[in-house]
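Observations on the model geometry
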Amino acid sequence: MGEHPILVLDQLNVSYGESLILRDVNLTVPSGRVACLLGRNGVGKTTTLKTIVGLLRSTGGSVNFDGANVNRWAPEKRTKYGIGYVPQGRDIFPMLTVEENLMVGLQACSTGRGNGIPREIYDLFPVLKSMLGRAGGDLSGGQQQQLAIARALLGEPRLLLLDEPTEGIQPSVIQEIEQTIVRLKQQGTVSILLVEQYLEFAWRLADLYYVMEKGSIVSHGLTKDLDEATVKKHLTV
Ligand SMILES: Nc1ncnc2c1ncn2[C@@H]1O[C@H](COP(=O)(O)OP(=O)(O)O)[C@@H](O)[C@H]1O
Ligand SMILES: [Mg+2]
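What comes next is a walk through the structure. Bear in mind that the values here come from a model prediction, so they are computed numbers and not experimental data. (Residues numbered from 1 in each chain as written. Chains lettered and ligands numbered in written order. Predicted model: local features only at pLDDT ≥ 70, side-chain atom pairs only at ≥ 80, totals over all residues. Heavy atoms only, no water.)

**Side note on helix H1 (residues 45-53)**
Helical periodicity: at 3.6 residues per turn, an α-helix aligns residues three or four positions apart in one direction. In terms of residue burial, H1 counts as a mostly covered element, since seven of its nine residues are buried. Within the span of H1, buried status applies to Lys45, Thr47, Thr48, Leu49, Thr51, Ile52 and Val53. At the C-terminal side of H1, Gly54 shows a positive phi close to 95°. (Buried < 20%, exposed > 50% of the residue type's maximum accessible area, 1.4 Å probe, protein only. Helix = DSSP H or I, 4+ residues; strand = E, 2+ residues; numbered from the N terminus.)

Rendered as structure tokens:
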């Protein structure tokens, strides 16, 4: 495992109004690793990611990123400091072109790279290069997902949060997204927290897993040790 954790959630509690959604969540992403957060619909996975990026405030416990308690930081500051986020449903700007969507990501880059989209992005996502002038909304679901990941990477994140990147996407494109994550892993510059319901995908990519049920982590460990009984009990419908 990586020597020091890039992300530590410590006894995190989050509520919507009166209802407590996350209960004492402890979760660690070691530096340079891929961790997955698994669980059925409605257990609190998206809430967890939103709290890490600062779109929701915790009511107890802490979010620690690269050694800093970021609880009171605004989302923009967290982005600049290196937390990249690809929301569930992708959330690209449908009326902007692919290039304009990418430029939005570039603006989040703290090193002020400024001078256009770097070539590595098109190496990772060749499909985007041929579509720069197209409206984001005209892309297929899979292409939009790739655009959303590319946009997040342009901020040069040290931690990338992916919320169900395979949701509603055809198998051939799922494979491409998997390859992209494998390459990111090999490059070793970004750690990843992956929320997934597609178990095999998470299994192949993640070094460690967390299983959530009703806002609590009920099982965690190395992905290679994730057993059939745990899957049956907490993940299959
Ligand atoms: N804006 C909201 N206001 C109130 N309750 C919400 C809101 N968003 C989500 N919830 C509730 O919080 C729980 C966790 O939701 P979510 O984090 O989206 O689950 P998951 O991503 O695991 O499917 C669910 O019970 C959901 O109904
Ligand atoms: Mg969700």
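**Details of the packing of helix H3 (residues 98-107) against helix H6 (residues 141-153)**
Put simply, H3 and H6 touch, their axes get as near as 7 Å, and they point 35° apart. Here H3 runs over H6; the crossing is right-handed. For the pair formed by H3 and H6, the contact residues are Val98, Asn101, Leu102 and Gly105 on the first element and Leu147, Ala150 and Arg151 on the second. For the contact of H3 with H6, the per-class residue count stands at four nonpolar, two polar and one charged. (Axes fitted to C-alpha atoms, helices over the stretch in contact; angles between N-to-C directions. Left-handed = near helix turned anticlockwise from the far one by under 90°. Contact = heavy atoms within 4.5 Å. Nonpolar A, V, L, I, M, F, W, Y, C, P; charged D, E, K, R; others polar.)

**Details of the packing of aromatic side chains**
With the rule as written, the count across this model stands at three aromatic pairs. Seen from their ring centres, Phe65 and Tyr81 are 5.6 Å apart, and the 75° between their planes marks the pair as edge-to-face. With a gap of 16 residues between them, Phe65 in strand S4 (residues 60-65) and Tyr81 in helix H2 (residues 75-81) connect regions that are remote in the sequence. Residue Phe65 is classed as buried on the basis of its relative accessible area of 0%. Here Tyr81 falls in the partly exposed class, since its relative accessible area comes to 31%. (Phe/Tyr/Trp six-rings, centres within 6.5 Å; stacked < 30°, edge-to-face > 60°.)

Read these as spatial facts, not as claims about activity.
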